Amino acid sequence: MKISNKDLKNNKMKFEEKTEKKADKPKPTHNFIRQIIEDDLKTNKSEGRVHTRFPPEPNGYLHIGHAKAFCLSFGVAEDYHGLCNLRFDDTNPVKEEEEYVESIKADIKWMGFDWEDRLYYASDYFDKLYEFALKLIKDGKAYVCHLSPEEIREYRGTLTESGKNSPYRDRSIEENLELFEKMKNGDFKNGECVLRAKIDMSSSNMNMRDPIMYRIIHAKHHRTGSKWCIYPSYDFTHGQSDSIEKITYSLCDLGFEGHRPLYNWFIENLEIFPSHQIEFARLNLSYTVLSKRKLRELVEGNYVTGWDDPRMPTLCGLRRRGYSPESIRDFCDRIGVAKSESLVDMALLEYCIREDLNKKAPRVMAVLRPLKIIIDNYPEDQVEEMEAVNNPEDLSMGTRKVPFSRVLYIERDDFREDSPKNFYRLAPGHEVRLRYAYFIKCVKVVKNEQTGEVIELHCTYDPASRGGSSPDGRKVKATLHWVSAAHSINAEVRLYDRLFTVNNPLGKEDDFKNYLNPKSLEILTHCKLEPGLKNAKPRNRYQFERLGYFCVDPDSSDKMLVFNRTVTLRDTWARIQKALKKKQKSRMPEHIVRHTKQY
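Residues numbered from 1 in each chain as written. Predicted model: local features only at pLDDT ≥ 70, side-chain atom pairs only at ≥ 80, totals over all residues. Heavy atoms only, no water.

A. Spatial organisation of the overall build of the protein chain. A count of helical and extended segments in the protein chain gives 15 helices and 25 strands. Counting only C-alpha atoms and orienting by the principal axes, one finds that the protein chain spans roughly 100 × 60 × 50 Å. Burial statistics for the protein chain: of 599 residues in total, 52% are counted as buried. In the protein chain, 72% of the contacts between residues at least 6 apart in sequence involve partners at least 24 apart. Summed over all atoms, the accessible surface of the protein chain reaches about 28900 Å², with 47% contributed by carbon and sulfur. Counting 99 positive and 92 negative side-chain charges, the protein chain places the averaged centre of each group 4 Å from the other. (Helix = DSSP H or I, 4+ residues; strand = E, 2+ residues; numbered from the N terminus. Buried < 20%, exposed > 50% of the residue type's maximum accessible area, 1.4 Å probe, protein only. Contact = heavy atoms within 4.5 Å. Areas by Shrake-Rupley, 256 points an atom, 1.4 Å probe, with all protein chains shown as cover. Lys, Arg positive; Asp, Glu negative; His and termini not counted. Charge placed at Lys NZ, Arg CZ, Asp CG, Glu CD.)

So, in structure tokens, the structure goes:
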């Protein structure tokens, strides 16, 4: 979609409409970018407009690092009643595919953002960018260079040594115009020559040493077909596209900080609308990698099952694992926006999904490693329906009926034949509570004669303890979940863990793949679930009581449900925070510690 003066006028009208609306949501976390915007609004810079954009390259799937970026760009526009464009930087036909375009659009929509009618492509501006290049050539500020890629790197110099001028730098304007026309017409082979900006080969900023503006690529483009065989570089495309769309704030990660002088140089020398580039720290997350190139290596090397493998930090992977858009947005808000790089603990992301699903996810009972128990004194043909709460955090979600019978399954880990001192779950002679049901006591253990493995338990129950309490007031110290054997449904459950064994795999000297976690996936194939889950649909999320949060995988079929573990119930982040507070208090004077304890 090409942008026109009419589009710009419509965008201005939409901005004015949004300005009239009052934001009905919590105040966003303040940061240095918001401070810049608020200072600009006070001086009515850009007529008080806030217009941002998110410019992904359609050469892969978005990951959570991209989510931080577009949450910022769309969020800032939303909070200041502005607009945010989605623009695909499709300047490399070799790596770009329509599949990636559609997946990126789907991910952003899933996260709850809407670019409305402002979907653009850098390729929309190829004609205009070509005109910009001609202007710089005519002004003596660009030239065609026939140095090879290796020679260009050599002539560029180093961080401590100035570069050398190309022998083609002083070609006449007429010769450069003629050569650039030949480049466009396909008269040269790939890599035979490039168009470079004429700036300063002695600049301390390497990006200002006559950067490449156009290179020759004889390849079919996913939108323009074979119309072009020269394609603009990102540096030449970025700022000019921002300017064409009248973007007021071009938010980029810190990797582009050194490119800002070049961004401004092009805008100033082309005398076009001056967008303002602002850089922020990219997201680095522990126990994973957020490099598209590294992630592609994992996919193509079959270290994972694909871009949507639930162990991947891609948005499609997180979605398949069971993460919600709200939890990811909460995470992006909590980590904030900074000017320096840092490593964010994966435990915070896990905390955010627990917080979200704790309020929303229905509770159900599922036994992942089943151990059969038979209640000897329970009537063989009797079936009762126990009333179970769907979500204690939201009683409006109501209750459900769960069948109870003589033969049940419990978790194998909930039984110990030789129980240690502090083991309060089921053991010979121990009494426990079955969730929503009765007290039971283990009276007999049946083992496999060959292996010695426990295969069955015989128990007795107290009929007077229905609902989980005893009239005589006796207490039990453990409550177990269970399912009725006759009514249970079979399921496959995939237990996912962190992808790497170390918190910063890219910080090691050797191959990052050496630190892949061999225990990042465990597949359980004989799990038993309560019957109410038989109609569960892909993407439905549940809390398996006492086990964690789980999501129905798209691999599910009518014959077999498949669940992915999103996250365990163990809250690592809460423990980290508790330990940190404890450490901070230990450093306080005693009178301050006493004061804080009062609250």
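B. Representation of the environment of Glu98. Along the chain, Glu98 falls in helix α4 (residues 98-110). Distance in space between the C-alpha atoms of Glu98 and Arg223 is 8.8 Å, their sequence separation being 125 residues. Of the polar contacts made by the side chain of Glu98, one reaches the side chain of His222; its length is 3.1 Å. (Polar contact = N/O pair within 3.5 Å; in protein donor to acceptor, adjacent residues only side chain to side chain.)

C. Seen up close, the environment of Ser162. The residue Ser162 is located in the loop between α6 (149-156) and α7 (173-185) in this model. With relative accessibility at 47%, the residue Ser162 sits in the partly exposed group. In this structure, the C-alpha to C-alpha distance between Ser162 and Asp200, residues 38 residues apart in sequence, is 9.6 Å. Beyond its immediate chain neighbours, meaning those up to four positions away, Ser162 contacts Arg156, Gly157, Met201, Ser202 and Arg209.

D. Seen up close, the pairing of strand β1 (residues 51-54). The alternating pattern of β1 places His51 and Arg53 and Thr52 and Phe54 on opposite faces, both of which are buried. Here β1 pairs with strand β2 (residues 83-88) via four bridges, running parallel. Among the inter-strand pairings, Thr52 is bridged to a residue of β2, identified as Cys84. (Pairing = 2+ DSSP bridges.)

E. Main features of the layout of surface pockets. The computed volume of the largest pocket comes to approximately 730 Å³. Surrounding the largest pocket, 27 residues form its lining, Ile212, Arg215, Ser233, Tyr234 and Asp235 being those nearest its centre. For the lining of the largest pocket, the residue count by class is 10 nonpolar, seven polar and 10 charged. The volume enclosed by the second largest pocket comes to roughly 590 Å³. (1 Å grid on protein atoms, 1.4 Å probe; cavity = no way out; pocket = protein on both sides within 12 Å on 5 of 7 lines; lining within 4 Å. Points joined across faces, edges and corners; volume = space filled by probe spheres on them. Nonpolar A, V, L, I, M, F, W, Y, C, P; charged D, E, K, R; others polar.)

F. Region of interest: the sheet that holds strand β5 (residues 194-197). Taken together, four strands build an open sheet; the order of strands is β4-β5-β6-β7 and the sheet is antiparallel. Whereas interior strands pair on both sides, the edge strands pair on one side only; in this sheet they are β4 (142-145) and β7 (230-232). Each adjacent strand pair in this sheet contributes to an overall mean axis angle of 20 degrees, direction not counted. As judged from the four bridges shared by β4 and β5, these two strands associate in the antiparallel manner. (Axes fitted to C-alpha atoms, helices over the stretch in contact; angles between N-to-C directions.)

G. Looking closely at the state of the cysteines. Inspection of every chain in the model, using the stated rule, returns zero disulfides. Cys332 forms no disulfide, and the closest cysteine sulfur to it belongs to Cys71, at a distance of 4.2 Å. (Disulfide = S-S within 2.5 Å.)

H. Fine view of the side chain of Gln543. Within the secondary structure layout, Gln543 lies in strand β23 (residues 541-544). Ignoring any residue separated from it by four or fewer positions in sequence, one finds Gln543 in contact with Asn358, Ala361, Pro362, Arg363, Val364, Gly548, Tyr549 and Leu569.

I. Inspection of the nonpolar core at higher detail. By size, the foremost hydrophobic cluster in this structure holds 52 residues, and its most contacted members are Ile33, Ile64, Phe70, Ile108, Ile328 and Phe331. Setting aside residues no more than four positions away along its own chain, Ile64 makes contact with Leu283, Leu285, Leu290, Pro313, Leu315, Leu318, Ile328, Phe331 and Leu349. By size, the runner-up hydrophobic cluster in this structure holds 37 residues, among which are Tyr130, Phe236, Ile267 and Leu270. (Core = buried A, V, L, I, M, F, W, Y, C linked by side-chain atoms within 4.5 Å.)

J. Here's a closer look at the confidence of the model for the protein chain. Scored by pLDDT, the protein chain comes out at a mean of 92, with 91% of its residues at no less than 70. A low-confidence stretch, residues 19-24 (pLDDT under 50), is modelled with three contacts involving residues beyond four sequence positions or located in other chains. (pLDDT = per-residue confidence, 0-100.)

K. Representation of the sheet that holds β2 within the structure. As summarised here, the arrangement of the three strands in space is β1-β2-β3, forming an open sheet in which the pairing is parallel. Edge positions in the sheet fall to β1 and β3 (119-121), since each has one partner strand and no second. Sheet twist, expressed as the average angle between the axes of neighbouring strands with direction ignored, equals 35 degrees. Where β2 and β3 come together, three bridges link them in parallel fashion. Residue pairing in the sheet places Phe88 in a bridge with Tyr121 of β3. Packing against the sheet, helix α3 (residues 64-79) makes contact with β1 and β2, and its axis sits at approximately 160 degrees to β1. Contacts from α4 reach β1, β2 and β3, with the element oriented near 160 degrees to β2.

L. Spotlight on helix α13 (residues 346-360). Look at α13: 22 Å from first C-alpha to last across 15 residues, which is about the 21 Å you get at 1.5 Å a residue. Burial of α13 is extensive: 11 of the 15 residues sit out of reach of the surface. When we look at burial in α13, the residues that qualify are Met346, Ala347, Leu348, Leu349, Glu350, Tyr351, Cys352, Ile353, Arg354, Asp356 and Leu357. The backbone nitrogen of Ala347 lies 2.8 Å from a side-chain oxygen of the residue at the head of α13, namely Asp345. (Expected span 1.5 Å × (residues − 1).)

M. Structural view of the packing of aromatic side chains. Taken as a whole and judged by the stated rule, the model has 24 aromatic pairs. On the basis of an interplanar angle of 75 degrees and a centroid distance of 5.8 Å, the ring pair of Phe126 and Tyr231 is categorised as edge-to-face. Of this pair, Phe126 sits in helix α5 (residues 126-138) while Tyr231 sits in strand β7, placing them 105 residues apart in sequence. What makes Phe126 buried here is its relative accessible area of 3%. Measuring from centroid to centroid gives 5.0 Å for Tyr130 and Phe180, while their planes differ by 20 degrees, and the two rings are stacked. Of this pair, Tyr130 sits in helix α5 while Phe180 sits in helix α7, and the two are 50 residues apart along the sequence. Note on Tyr130: relative accessible area 9%, which makes it buried. (Phe/Tyr/Trp six-rings, centres within 6.5 Å; stacked < 30°, edge-to-face > 60°.)

N. Fine view of α5. When the terminal C-alpha atoms of α5 are compared, their 18 Å separation across 13 residues agrees well with the 18 Å that a helix rising 1.5 Å per residue should span. Those residues of α5 that sit buried are Phe126, Leu129, Tyr130, Phe132, Ala133, Leu134, Leu136 and Ile137. Positive backbone phi, approximately 75 degrees, marks Gly140, located one or two places after α5.

O. Structural view of the packing of α5 against α7. One can describe the packing of α5 onto α7 by two numbers: an axis separation of 9 Å at closest approach and a directional angle of 155 degrees. In terms of orientation, α5 and α7 fall into the roughly antiparallel class. Like other packed secondary-structure pairs, α5 and α7 cross with a definite hand, here right-handed. Note on element contacts: α7 touches α5 through Ile173, Asn176, Leu177, Phe180, Glu181 and Lys184, opposite Tyr130, Ala133, Leu134, Ile137 and Lys138. Along the lines of polarity and charge, the residues of the contact of α5 with α7 split into seven nonpolar, one polar and three charged. (Parallel < 35°, antiparallel > 145°, perpendicular 65-115°, else oblique. Left-handed = near helix turned anticlockwise from the far one by under 90°.)

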